[in-house]
Amino acid sequence: MFRSKLAAYCVIEPSFRITPPANIEVNEGGEQSMRLIHLCALLAVTGALLPAQEETPDRRLRHVTDTLHEIMATPDKAIPRGLLNRAECIAIVPEMKKAAFVVGGEYGRGYAMCRTAEGRWSAPAPIRLAGGSFGIQLGADSTDIVFLVMNDDGMQHLLSDKFKMSADASAAAGPVGRDAAANTDVLMHAEILSWSRARGLFAGAALDGTVVEHDGDETEKLYGHPMNSREIVDGRTRVPEAA
């Protein structure tokens with residue numbers, strides 16, 4: 001009820017620019033106007049996040065698979081195959097929401113897979129990404145996020161309940177292209193390399209400050225009972241058909 005009443009006072013355009021009503025009565029300090037702007041922004045952002053929250057696990061898994069296939073389909077503009085072959089784990093978060101409204105934010109759900117003892121990719125472990133930046137901004141966007149975990153230390157962070165990029169695990173923007181070299185000190189020592197794709201452009205992306213955590217709700221929906229990420233990727237969990 002509150003949400004519908006608020007929507008009547010806010011004009012939210014497809015680009016997620018928010019316009020408060022022009023005829024609102026404002027007190028001397030402008031507090032009422034600013035409060036309404038904040039509420040309108042919150043309405044737009046929560047609306048933008050709902051599709052990611054409501055997508056079923058099977059649909060999200062298919063989306064994850066399609067995203068990786070699309071990215072790797074053009075080797076000259078993809079993750080270097082040598083890095084992918086060396087990676088201990090891969091994580092894909094399709095359509096991560098970037099919503100900035102006074103205090104910026106990021107939110108996304110996806111899956112991570114790690115190599116088993118036999119060298120195969122494990123069953124997918126549901127993860128959530130969340131992060132933020134500060135600034136007076138109004139807008140929203142959606143970006144596909146991919147990151148590779150390059151060593152055992154990085155994998156241990158990924159399999160924990162929660163960790164923060166660049167704080168708990170060293171991270172760097174990954175190189176792009178068939179012949180891209182990952183021989184700089186930063187890339188050679190980074191536990192995690194990351195990329196993003198937005199509006200068809202795929203490039204290395206820094207995810208500093210982004211929090212990665214196990215998604216328990218998605219795990220129960222997908223596998224029917226609680227499990228942690230370590231149990232999912234140990235090689236004994238059946239890979240869902242959608243993967």
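Residues numbered from 1 in each chain as written. Predicted model: local features only at pLDDT ≥ 70, side-chain atom pairs only at ≥ 80, totals over all residues. Heavy atoms only, no water.

1. Observations regarding the confidence of the model for the protein chain
Okay, so step 1: The predicted model of the protein chain has a mean per-residue pLDDT of 76, with 65% of residues at 70 or higher.
Okay, so step 2: This model gives residues 36-53 a pLDDT under 50, and the stretch forms 37 contacts once residues within four places in sequence are excluded. (pLDDT = per-residue confidence, 0-100. Contact = heavy atoms within 4.5 Å.)

2. Examining unusual backbone geometry
Okay, so step 1: Its identity as a non-glycine residue notwithstanding, glutamate 95 has a phi of 55 degrees, on the positive side.
Okay, so step 2: Among the secondary structure elements, glutamate 95 is positioned in strand 3 (residues 89-114).
Okay, so step 3: By relative accessible area, glutamate 95 is classed as partly exposed at 38%.
Okay, so step 4: Its identity as a non-glycine residue notwithstanding, serine 166 has a phi of 75 degrees, on the positive side.
Okay, so step 5: Its location among the elements puts serine 166 in the loop between strand 6 (162-164) and strand 7 (171-173).
Okay, so step 6: Taking the relative accessible area as the measure of exposure, serine 166 reaches 37% and is therefore partly exposed. (Helix = DSSP H or I, 4+ residues; strand = E, 2+ residues; numbered from the N terminus. Buried < 20%, exposed > 50% of the residue type's maximum accessible area, 1.4 Å probe, protein only.)

3. Section: the state of the cysteines
Okay, so step 1: For the structure shown, the criterion picks out one disulfide.
Okay, so step 2: Covalently, cysteine 89 is tied to cysteine 114 through a disulfide, its sulfur atoms 2.1 Å apart. Here the S-S torsion is close to 100 degrees, and the disulfide linking cysteine 89 with cysteine 114 is therefore right-handed. Here the two residues cysteine 89 and cysteine 114 agree in accessibility, since each one is buried. (Disulfide = S-S within 2.5 Å.)

4. Observations concerning the nonpolar core
Okay, so step 1: Ranked by internal contacts, the top residues of the largest apolar core, which has 50 residues, are Phe147, Leu148 and Leu158.
Okay, so step 2: The leading source of residues in this core is strand 3, at ten residues. (Core = buried A, V, L, I, M, F, W, Y, C linked by side-chain atoms within 4.5 Å.)

5. Describing helix 7 (residues 216-223)
Okay, so step 1: Every buried residue of helix 7 is listed here: Glu218, Thr219, Leu222 and Tyr223. Down the axis of helix 7, the buried set is contained in an arc of 105 degrees. They therefore lie on one face. What points out from helix 7, more than 90 degrees from its buried face, is the exposed set Asp217 and Lys221.
Okay, so step 2: Between the side-chain oxygen of the N-cap and the backbone nitrogen of aspartate 217 there are 3.4 Å, and the N-cap of helix 7 in question is aspartate 215. (Arc of directions from axis to C-beta. Polar contact = N/O pair within 3.5 Å; in protein donor to acceptor, adjacent residues only side chain to side chain.)

6. Topic: the pairing of strand 10 (residues 211-214)
Okay, so step 1: Summarising the sheet, strand 4 (residues 125-131) and strand 10 pair through four bridges and their orientation is antiparallel. Within strand 10, the position partnered with arginine 128 by the bridge is glutamate 213.
Okay, so step 2: As defined by bridge partners, strand 6 adjoins strand 10 across three bridges and the pair is classed as antiparallel. The partner of phenylalanine 163 across the bridge, within strand 10, is valine 212. (Pairing = 2+ DSSP bridges.)

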